[in-house]
Amino acid sequence: MTILVSGGTSTLGSALCSYFVSRGDRVLCTYHRSEKQAFDLAASLGPLLVPIAMDLQDSDSIEKAVAAIEGLDALVNNSGIFTEEMFEELGLDQWRKVFSVNVEGLFLLCKACAPLLTASGGSIVNIASINALHPGFGKTVHYDASKGAVISFTQSLASELAPHVRVNAVAPGLIASSALDSEHPLRRRYEKRALLNRLVDPVEVAKVVALLCDCQAMTGQTVVVDSGYLAG
Ligand SMILES: NC(=O)c1ccc[n+]([C@@H]2O[C@H](COP(=O)([O-])OP(=O)(O)OC[C@H]3O[C@@H](n4cnc5c(N)ncnc54)[C@H](OP(=O)(O)O)[C@@H]3O)[C@@H](O)[C@H]2O)c1
C-alpha cells in the first residue's frame, strides 16, 4: 500500500510511519516545520519512507504536494494543533488557527486526495481525540470543538464517498511521550481514571489505524483507543 501520513514526524505520526514501513507499506510522510526530523526518519526507516513538504494552512502547498503523487491507497490525517487557553482569554485568532489545521487543512487534504483514493478504492483515517467525546478537560474548547468537527466530518464524508472510498476516525486518549514523565500531573490524573491505569502507546493507535485502512467492512466509524478513560 502507499499511505500518506500528515504530520509524520509528530509523536503519533512517527509511530504511524514506523508501523506502516514495518509492514512493507510505502509511506509519504508530510512535514511542515520539522524538515530535519522528516529526513532523519527517512534515514532511519529507509527508502519506503518518503518525506514531503506540506503546509495545511496553505491550499497551494497541499495541491502541489498531492499533484506529485502517482497512486495512493490510504490517507491518514494526523497533523493537528493543540493549545490551551481559558475561554475568557481565547481569541478568534487562536480559534481560527486551531480550526485552520485541525479542520480546514484536513478538509483540503481529503479533497485533494479524493480522486486518487477513488481510483484505488482506498480509505481515509482521520485522527480525532477523546476530547471530542469527553469535552471539559479545561482550557480546550477550541481544540475539543475542532475534534468534534473531525468526527462529524468523518461520518458525513463516509456517506458521500461510499462505496468507493471508506472514511473512519480514531479518537486516541492521552498518548505517552517523553514530555509526560511518571510524575506529570496530567499523566497521574489520566492514569487514575483510565480503567487500565495507563496512557496510550502511540504504536497501539497505529495498529488501529492500520486495521481501519485494511478492513473493507468498516466506514463512518470512530474507534476510541484510550486505555478505558471514557469508561472510567
Ligand atoms: N498527543 C496526544 O496525547 C493526542 C491525544 C489525542 C489526539 N491527538 C491527535 O493526534 C494527532 C498527532 O498528535 P501528536 O501529539 O503526535 O502531534 P504533535 O507532536 O503535537 O505534532 C503536531 C503535528 O502537526 C503538524 N502540523 C502543525 N501545523 C501544521 C501545518 N500548518 N501544516 C501541516 N502540519 C502541521 C506538525 O508538523 P511539523 O512539526 O512538521 O510542523 C506535527 O507533525 C493530532 O491530530 C492530535 O490532535 C493527540
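This text goes with the structure placed above it.
Visitor: Explanation requested: the pattern of salt bridges in the structure shown.
Guide: Side-chain pairs of opposite charge can arise whenever the charged atoms involved come near each other. Applying the stated criterion across every chain, the model contains six salt bridges. We note a salt bridge from Glu 191 to Arg 187, for which the minimum N-O separation is 2.8 Å. Of this pair, Glu 191 and Arg 187 both sit in helix α6 (residues 185-193), separated by four residues, roughly a single helical turn. Connected via shared salt-bridge partners are Arg 23, Asp 25 and Asp 214.

Visitor: Honestly, the environment of Glu 84 in this entry has me stumped. Any pointers?
Guide: Among the secondary structure elements, Glu 84 is positioned in the loop between β4 (74-77) and α4 (92-120). With 57 residues separating them in the primary sequence, Glu 84 and Val 141 have C-alpha atoms 8.6 Å apart.

Visitor: In this structure, what is going on with the site of the ligand? I would like to understand it.
Guide: Contacts to the ligand come from 25 residues, most closely from His 32, Ser 34, Leu 56, Asn 78 and Tyr 143. In the environment of the ligand, a nitrogen atom lies 2.9 Å from a nitrogen or oxygen atom belonging to the side chain of Asp 55. The separation between an oxygen atom of the ligand and a polar side-chain atom of Lys 147 is 2.9 Å. Isolated, the ligand exposes 900 Å² of accessible area, and the fraction of that covered by the protein chains is 84%. Under a 2 Å grid-point criterion requiring more than half of the atoms, the pocket assigned to the ligand is the largest pocket. The set of elements that each furnish at least two residues to the shell around the ligand consists of α1 (11-22) and α5 (141-161). Class assignment for the residues of the shell around the ligand results in eleven nonpolar, eleven polar and three charged.

Visitor: Can you help me understand the pairing of strand β2 (residues 26-31) in this one?
Guide: Along a regular strand, successive side chains alternate from one face of the sheet to the other. In terms of burial, β2 is largely enclosed, as five of its six residues are buried. Pairing of strand β1 (residues 2-5) with β2 involves four bridges; the strand directions are parallel. Bridged to Leu 4 within β2 is Leu 28. Taken together, β1, α1 and β2 constitute a β-α-β crossover, and its handedness is right-handed.

Visitor: How do you make sense of the sheet that holds β2 when you look at a structure like this?
Guide: Strand-to-strand pairing in sheets goes through backbone hydrogen bonds, with the strands running parallel or antiparallel. The sheet built from seven strands is open, its strands ordered β3-β2-β1-β4-β5-β6-β7 with parallel pairing. Taken across any chain shown, the strands that pair with only one partner, and hence form the sheet edges, are β3 (49-53) and β7 (222-225). Averaged over neighbouring strand pairs, the angle between their axes works out to 20° when direction is ignored. Contacts between α5 and the sheet are confined to β5 (123-127), β6 (166-172) and β7, with β5 contributing the most and set at about 170° to the helix. Contacts from helix α7 (residues 202-214) reach β4, β5, β6 and β7 within the one sheet, and its direction differs from that of β6 by about 165°.

Reading guide: rules and limits
- Residues numbered from 1 in each chain as written.
- Predicted model: local features only at pLDDT ≥ 70, side-chain atom pairs only at ≥ 80, totals over all residues.
- Heavy atoms only, no water.
- Salt bridge = Lys/Arg side-chain N within 4 Å of Asp/Glu carboxyl O.
- Helix = DSSP H or I, 4+ residues; strand = E, 2+ residues; numbered from the N terminus.
- Near = heavy atom within 4 Å.
- Polar contact = N/O pair within 3.5 Å; in protein donor to acceptor, adjacent residues only side chain to side chain.
- Areas by Shrake-Rupley, 256 points an atom, 1.4 Å probe, with all protein chains shown as cover.
- 1 Å grid on protein atoms, 1.4 Å probe; cavity = no way out; pocket = protein on both sides within 12 Å on 5 of 7 lines; lining within 4 Å.
- Sits in = over half its atoms within 2 Å of the grid points.
- Nonpolar A, V, L, I, M, F, W, Y, C, P; charged D, E, K, R; others polar.
- Buried < 20%, exposed > 50% of the residue type's maximum accessible area, 1.4 Å probe, protein only.
- Pairing = 2+ DSSP bridges.
- Right-handed = clockwise from strand over helix to strand, strands pointing away.
- Axes fitted to C-alpha atoms, helices over the stretch in contact; angles between N-to-C directions.
- Contact = heavy atoms within 4.5 Å.

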